[in-house]
Amino acid sequence: MRTHSTGLLCLACYKDRLATVCENADEYRLFEIRDGNIYPAGHLSLPSKDPMDRTSAILACGVSFLLCGALCTEFRARLESGGVTVTPWLTGTLHQALDAFQNDTFSSLAMPGCAGQLSS
Amino acid sequence: MSFPKNLPLEDVFASIADGLFTVDTDWNITYFNESAERITGIGVEEALGRKCWDVFRSSLCDGQCAIGQCIEKDVRIVNKSIFIIKADGTKLPVSISASPLTNADGEVIGGVETFRDLTEIQTMRKKVKDLYRFENIVGHSPALEKIFRILPQVSASPATTLLLGQTGTGKELFARAIHNLSHRKDGPFVAVNCGALPENLLESELFGYKAGAFTDARTDKPGRLEMAEGGTIFLDEIGDLPVSLQVKLLRFLQERTYEPLGGVKSVQSDVRIVAATNRDLEQRVADGRFRQDLFYRLNVVTMKLPTLTERREDIPVLVDHFVEESNAIQGKAITGVSEDVMQLLMRHDFPGNIRELENILEYAFILCPSGFIQIEHLPEYLHPSGAGNGGSSGLYGTMEEIKCRAAKYTLMRNNGKRMATCRELKISKDTLRRMLTRCPEGE
């Protein structure tokens, strides 16, 4: 089980699954981690596709963890320099992603060719 | 021409330089050739049986799937430029073509997509761009030459520069040129659109914040001013800057210091400001929506960028530039625009300026498979019979008024040259003079 007891978790989504490309996600869903449990905490719906605007919005709402699909190096660096723990290269439904987060089993959701990138 | 029977298809697909994959109706990858492995960096064993979006990871995958569109509309997609993200986080530009796959009964059984690495073409494109004077600014009209003459001096000076110009006149391009021609060229160039972000976010974006500045500010975040240290910050749409931020920007311009949100110490900064707007700043000052002192601080060096109608003679060279650029990006071989298209473009008023011209050609590139761009490849509003086209929208009023409008319009199109106007209208100079003198007031 994850040791994090508090924080804000963000999932870059397309419909009911993780978006293929984080920058292109049509919605960022937020979940509050409280006492080891995960509770829905709304979503960020951003019209701008500019990665800089998206990074700023994610940082401004205090996200601690981001789970997403493919992510380019620059976008990742900007998020990590803002203090967000980023776990990219994931695929699967939201339920699977949340489950993997709670149980630290990200490797089962690795995108093809990306198993080595996941450090869970 | 039909494909010869009994050919080893797999050998054929394996030998081609383009990446190729096929999917079934559930979007599972059923074939992945060697070039696809090389371009994506994903082995065939890992790709087979996986969802195509997990393997291909393109900018189209979520909601704009090329194969999906082909199946839905029963069409083929050819040479569409997109990017994919490789496992090392690099963005790779590729050109894709897609088509549905059907069985002997005509039922859709999946789709096929081929893709070509455009990295080399993009590198060539950059080389092509580098040949142009002042970054990507293309043209040789007197209006532009006037700016080119002063641009090096403006760039060399440390003065705050204000660029005024209608939308689509290339304000950011000129701001970049100023940066690249200045001694700050090795420093960063950071652009901020002051009209695109809400007030609170804009403040933290510009000036940054300190940990604890607000509830969720756990760590310090540098603002874009800090990111531009030693370089240039481009403040686009400065006329839309909220009044509360105008005060803070004014202080920065006066003292070259600012305080991040939640900070107690002032930060010294060495950043050149280039601002731009399409608003009438003096009017906004008069209306009380823009601070007069900030206006004067920004208005040290002002450059008014010409509209495209003020530099009509640049249209052919701009068309050539955009065609060449689009050919390089999209891997197409469009020869150029046909003569009648060029005439039509020369007559158009371009309220959206160069951006509109670029969009028109981008649109035409989608519809034009090869050869010359013809009128039918242009957006409908430009077609001679289309609404809003200057050629036909003036057909109202008395014959005298119509003649007057025709004379004035043709004269304008020929840049005021009366002989050219007479030749086009097949009338004498005296007739043209009479037509113009008989124009009713207001025409």
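Conventions used here
Residues numbered from 1 in each chain as written. Chains lettered and ligands numbered in written order. Predicted model: local features only at pLDDT ≥ 70, side-chain atom pairs only at ≥ 80, totals over all residues. Helix = DSSP H or I, 4+ residues; strand = E, 2+ residues; numbered from the N terminus. Buried ≥ 20, exposed ≤ 12 C-beta atoms within 10 Å, placed from the backbone. Contact = placed C-beta atoms within 7 Å. Pairing = 2+ DSSP bridges. Nonpolar A, V, L, I, M, F, W, Y, C, P; charged D, E, K, R; others polar. Axes fitted to C-alpha atoms, helices over the stretch in contact; angles between N-to-C directions. Parallel < 35°, antiparallel > 145°, perpendicular 65-115°, else oblique. Left-handed = near helix turned anticlockwise from the far one by under 90°. Core = buried A, V, L, I, M, F, W, Y, C linked by C-beta atoms within 7 Å.

Student: Would you mind showing me how to read the overall build of chain A here?
Tutor: Each helix and strand counted, chain A has three helices and six strands in total. Put simply, chain A runs from its N terminus to its C terminus through helices and strands in the order β-β-β-β-α-β-α-β-α. Counting the 120 residues in chain A, one finds 40% classified as buried. For chain A, the proportion of contacts with a sequence separation of at least 24, taken over those separated by at least 6, is 47%.

Student: What is the right way to read the overall build of chain B from this model?
Tutor: In terms of helices and strands, chain B carries 19 helices and 14 strands. For chain B, the proportion of its 443 residues judged to be buried stands at 31%.

Student: Teacher, can you tell me more about the pairing of strand β1 (residues 6–14) of chain A here?
Tutor: Strand residues, when the strand is regular, have side chains that alternate between the two faces of the sheet. Residue and element names in this part refer to chain A. With eight bridges joining them, β1 and strand β3 (residues 27–34) adopt antiparallel strand pairing. Residue G7 lies in a different strand from β3, and its bridge partner there is I33. Where β1 meets strand β5 (residues 65–67), three bridges bridge the pair, whose relative direction is parallel. Each bridged residue has a counterpart across the sheet, and for L9 the counterpart in β5 is F65. Bridge count between β1 and strand β2 (residues 17–18): two bridges; the pairing is antiparallel. Bridge pairing in β2 places C13 opposite L18. The loop that links β1 with its antiparallel partner β2 comprises two residues; one of these, K15, has a positive phi angle of about 50 degrees.

Student: Help me understand the pairing of strand β8 (residues 232–236) of chain B in this model?
Tutor: Residue and element names in this part refer to chain B. Of all five residues in β8, five are buried; the element is thus mostly enclosed. Alternating residues of β8 divide into T232, F234 and D236 and I233 and L235, and every residue in both groups is buried. The pairing of strand β7 (residues 189–193) with β8 spans five bridges and is parallel. Bridge pairing links V192 to L235 in β8. Relative to strand β11 (residues 272–277), β8 is paired through four bridges, and the arrangement is parallel.

Student: Looking at this model, I keep getting lost on the interface of chain A and chain B. Mind explaining?
Tutor: Interfaces are often sized by the accessible area lost when the parts come together. Tallying the contact residues gives 27 residues for chain A and 28 residues for chain B. Looking at the side of chain A that touches chain B element by element, the count peaks at four residues for helix α1 (residues 51–60) of chain A. The residue makeup of the side of chain A that touches chain B, split by class, is 13 nonpolar, 11 polar and three charged.

Student: Looking at this structure, how should I read the packing of helix α14 (residues 315–330) of chain B against helix α15 (residues 339–347) of chain B?
Tutor: Residue and element names in this part refer to chain B. Remark: α14 packs on α15, axes separated minimally by 10 Å, with the N-to-C direction vectors making an angle of 120 degrees. Relative to α15, the element α14 is oriented oblique. The two elements α14 and α15 meet at a crossing, and its hand is right-handed. Each of I315, P316 and V319 in α14 lies in contact with α15, whose residues at this interface are M342, L345 and M346. Within the contact of α14 with α15, the residues separate by chemical class into six nonpolar, no polar and no charged.

Student: Looking at this structure, how should I read the sheet that holds β8(B)?
Tutor: Strands pair in a sheet through their backbones, by hydrogen bonds, and they do so in one of two ways: parallel or antiparallel. Residues and elements named next belong to chain B. Strands sit in the order β7-β8-β11-β6-β12 across an open sheet of five strands; the sheet is parallel. This sheet does not close on itself; its edge strands, each paired only once, are β7 and β12 (301–304). Each strand of the sheet is rotated relative to its neighbour by a mean of 20 degrees, with strand direction disregarded. Pairing between strand β6 (residues 161–164) and β11: four bridges, direction parallel. Among the inter-strand pairings, L163 is bridged to a residue of β11, identified as A276.

Student: Is there a simple way to think about the environment of B:G223 in this case?
Tutor: Examined against the element boundaries, B:G223 turns out to sit in the loop between α9 (199–207) and α10 (224–227). Non-local contacts of B:G223, meaning those with residues more than four positions away in its chain, are made with B:S204, B:E205, B:L206, B:F207, B:G208 and B:P260.

Student: Help me out: how do you make sense of the nonpolar core in this one?
Tutor: Considering soluble globular proteins, one finds that nonpolar side chains tend to be buried as a cluster. A:A12, A:L18, A:C22, A:L66, A:C68 and A:L90 are the most contacted members of the largest nonpolar core, which totals 61 residues. Among the elements that take part in this core, β1(A) stands out by supplying five residues, more than any other. If sequence neighbours within four positions are ignored, A:L66 has contacts with A:C10, A:A12, A:I58, A:L79, A:V84 and A:V86. Formed by 37 residues, the second largest nonpolar core is a distinct cluster that contains B:F189, B:F207, B:Y258 and B:V271.

Student: Explain unusual backbone geometry here, please?
Tutor: Of all residues except glycine, most have a negative phi; of all peptide bonds, most are trans. A positive phi is found at A:D35, a non-glycine position, where the angle reads about 50 degrees. Looking at where A:D35 falls in the secondary structure, it is placed in the loop between β3 and β4 (37–44). Overall, the presence of 7 C-beta atoms within 10 Å leaves A:D35 in the exposed class. Here B:R256, not a glycine, exhibits a phi torsion of approximately 60 degrees, which is positive. Tracing the backbone through its elements, the reader meets B:R256 in the loop between α11 (243–255) and β9 (257–258). Taking the C-beta count within 10 Å as the criterion, B:R256 has 13 such neighbours and is therefore assigned partly exposed.

Student: I tried to follow the packing of helix α17 (residues 399–413) of chain B against helix α19 (residues 429–437) of chain B on my own but got confused; where do I start?
Tutor: Helix-helix packing is characterised by the crossing angle of the two axes and by the distance between the axes. All names here are of chain B. Between α17 and α19, the shortest axis-to-axis distance is 8 Å and the interhelical angle comes to 115 degrees. α17 and α19 meet at a crossing whose hand is left-handed. Contact residues: α17 offers K403, C404 and A407, while α19 offers L432, M435 and L436. For the contact of α17 with α19, the per-class residue count stands at five nonpolar, no polar and one charged.

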